[in-house]
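# Commentary on secondary and tertiary structure
So the chains spell out like this:
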Amino acid sequence: MLRIVEFCWTYSIVFATPASKRTSTLPVIAVIGSQSAGKSSLIESISGVQLPRSAGTCTRCPIECRLTHTDSEWTCIVKLHFNTDEHGAPTKPRIVPFGEALTSRPEVEERIRRAQRAILNPRTDPGKFLQGATVDENETSFSKNYVSLDISGRDLADLSFVDLPGLIASVGQSGRVHDIELVKDLVTSYTRRENCLILLTVACETDFENQGAHHVAKQCDPEGKRTVGVLTKPDRIPYGEEHLWIRLIRNETEPLVNNWYCVKQPSSDDRAQGMTWTEARFHEDCFFSNALPWSNLEDYLQKFLRTNRLTEKLSSILAELISRRLPEIQEELYKASQQAEKDLSELPPEPPADPVSEALRILSEFRKELSDRIEGTPEADGLLQKIRVHTIAFKHAIRATAPSFIPWERLEAHQHRLPPTSFLDDEEKPARAGNNPPVVTVAPDNIYIEEVMERAEISRTRELPDHTPFVVQHKYIMEYIQRWKVPSMVLFDTVYDVLKKDVENTVDKHFKHIGRGGVHQSCFDDNARPSRQSGSAYEGQDRLACEAGERPADAKLLTTICIFGINLRGITGLADIMTICHSKLWAGGNPEVNRVMAGLAQLGINTRVDALPKLLPSDPMQTGLDIMASVRAYFQVSYKRFVDGVCMSIDHEAVRGIERDVEQALWDGLEVTGPGAEDRCAAMFQEHASTAGRRQELKRKIDRLAAARAELRQLTV
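Report follows, based on the coordinates. (Residues numbered from 1 in each chain as written. Predicted model: local features only at pLDDT ≥ 70, side-chain atom pairs only at ≥ 80, totals over all residues. Heavy atoms only, no water.)

## A closer look at the overall build of the protein
Within the protein, the secondary structure is distributed over 26 helices and 11 strands. The 717 residues of the protein split such that 45% are buried. Of the contacts made within the protein by residues no fewer than 6 positions apart, 78% connect residues no fewer than 24 positions apart. Accessible surface, the protein as shown: approximately 37,700 Å² in total, 52% of it carbon and sulfur. (Helix = DSSP H or I, 4+ residues; strand = E, 2+ residues; numbered from the N terminus. Buried < 20%, exposed > 50% of the residue type's maximum accessible area, 1.4 Å probe, protein only. Contact = heavy atoms within 4.5 Å. Areas by Shrake-Rupley, 256 points an atom, 1.4 Å probe, with all protein chains shown as cover.)

Next up, the structure:
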């Protein structure tokens, strides 16, 4: 059993939080009692360490004491554990070593006094109190922060206990009323835990019912299964009341599963005269052997007298409790190992043995990933996928600048419906579903037929009759081309932002973890970011679009003009009538039409029924319709070319441009080759001292946890 206890405290680094806050923790003994109940004297007797007794620091905060039996010399390590601020509000836990390890017992009392002073003044640097600084008034009278003592030596039992502030019933003039509840809450935060063994100290010089610690223990452990009672100061029992206390030892009143014990500790005068702990145990044995009624107790009750008997019992109970919790401890060790491994994996890689090769490897991997993303990856968050969303929006924005020609006069336009442009379905998705063509609505950007005719008439100079100057079409073309600049610049700025963020993410992935961050910053200083100079892509396409307005139409443009011309002519008033007549002719024989066809045949004119509309007079608005058709057809061809040209220019200049020469730029900027490259690369990978310290700490913790798990497996075999 004792080996199990020793194992648990040897590897207590796993349990870095205070005992009162652990959800799964080792069993611990909480020493509670009212003020002046002899609690501190009992702890001194068990631990062999004298606790401070000066005013203002005597048990004003918890003191966790871990005793370990070893074959080495006596040693005591003091640490401060901060979990709350001066107001009692939770803060980030931190553990502060408080001085070097002590090897002399007399030095411990003063070290604990200074440690408690540091605990009661959390806003002050603990180092000042370690050097002996004092304060006129502490920042807080009691604290949930605590002092831990790790004590090891040959003459110690394997125990762990917490000395808690004594319960108080009232405060003096200089006291604080809320301290009464604060101390009570502090004590119950330990005693209410199921794996806490309550060591209840009761002074025999005070009436049992008036000692509040008993009520706290009763409330937290009503069946007395995890409470050990200890009677102190048996030499001060009022005459004639001995039998009341003997009944507790006999477990007749307030019975406890682990019984009541009685101990006698040195008085203040004995300590002042320098009584040793060995002498104290001798005097205690003499007292219980000679003083009545203790000397007359039955033999089976003698085992409940004396400090050494109590210590043996506590050690046995604690070992048994720990043994029951070994599976939980094993699971806790496993989780702590997993967390430590995870924390270590999240740290930047260690500085490499060959920094030049590592730098070249990282540069090569960066270049490859950048090239892959620029070329295109199948992921939803790929670079090209992100850009495509904006190029589609750009195409729609340019398409929306199409001139809105209305082939009717303004006053009668609302009476007509525009037929669907089904001939564009193979090039563009239909703008709207359904078979009903949209009704013409009055809009500020509509261009009506009479306006086109008026502009054509005004523009005429020396042209031949029925010839319209090209300047009319050119003006309409230039009007919508001027509207292409804003969407183009918006596209470039948007693509630039997407590209910039994507490159920065790639740089972060490969360089951010290196050294102290200097390499990461140098990547952005050495042309690893895209440049906005590629904005010239728009100007080039703008010039192409303008110049194209003066070039002869190619075959595709001529075809589109014809299609638009037919479509526009098909919706004039006269054409509408002929379309209706034509449909009737095709529906079946018409006597009137047959007579016309017969008359034409007598005149020697052979024709078909579907050619009869050619005999009708020409549309007076034909010139305007031709202008509309040519301008709209030119837009249909030019806007696609412009969109494609801008997108291709941005892709070539901005997207693919970032890949060109980036590797050489990084090599030259980071100077990973040439004379002195070894030293420069080594400096690149040099990490922060805090990171190096954290890595070493985690490695040591992982090693300790691995050793603890191995030893625990042997204990459970």
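Having seen it, we continue.
## A look at the side chain of R373
Among the secondary structure elements, R373 is positioned in helix α13 (residues 355–375). Relative accessible area serves as the criterion here: at 14%, R373 is assigned to the buried category. Here R373 is in contact with D381, G382, L383, L384, K386, D502 and T506, once residues within four sequence places are set aside.

## Re the pairing of strand β4 (residues 90–97)
Relative to β4, strand β3 (residues 75–84) runs antiparallel, the two being bridged by 5 bridges. From the neighbouring strand, H81 faces β4, where its bridge partner is I95. Between β3 and the antiparallel strand that follows it, β4, lie 5 residues; G88 among them carries a positive phi value of about 85°. (Pairing = 2+ DSSP bridges.)

## Side note on unusual backbone geometry
Note that the residue after L292, namely P293, is joined by a cis bond; omega there is 5°. Residues other than glycine seldom take positive phi values, yet N251 does so here, at roughly 65°. Position of N251 among the secondary structure elements: in the loop between α7 (242–249) and β9 (260–262). Phi is positive for N259, which is not a glycine, with a value near 70°. Mapped onto the fold, N259 is located in the loop between α7 and β9.

## Some words on helix α22 (residues 591–602)
Taking 1.5 Å as the rise per residue, α22 with 12 residues should run 16 Å; its terminal C-alpha atoms sit 17 Å apart, in good agreement. Among all positions in α22, only V593, M597 and L600 are buried. The buried residues of α22 occupy an angular sector of 60° when the element is viewed end-on, so they sit on one face. Facing away from the buried side of α22 by more than 90 degrees, the exposed set consists of P591 and Q602. Among the residues trailing α22, G604 stands out with phi positive, at a value near 85°. (Expected span 1.5 Å × (residues − 1). Arc of directions from axis to C-beta.)

## A few points about the packing of α13 against helix α17 (residues 485–511)
Orientation of α13 relative to α17, taken along the N-to-C sense of each, is 155°, at an axis distance of 10 Å. Compared by their axis directions, α13 and α17 come out roughly antiparallel. α17 is crossed by α13, and the crossing has right-handed handedness. Mapping the contact onto sequence places I362, L363, E365, F366, E369, L370 and R373 in α13 and D502, V503, T506, V507, K509, H510 and F511 in α17. The residue inventory of the contact of α13 with α17, partitioned by class, reads 7 nonpolar, 2 polar and 5 charged. (Axes fitted to C-alpha atoms, helices over the stretch in contact; angles between N-to-C directions. Parallel < 35°, antiparallel > 145°, perpendicular 65-115°, else oblique. Left-handed = near helix turned anticlockwise from the far one by under 90°. Nonpolar A, V, L, I, M, F, W, Y, C, P; charged D, E, K, R; others polar.)

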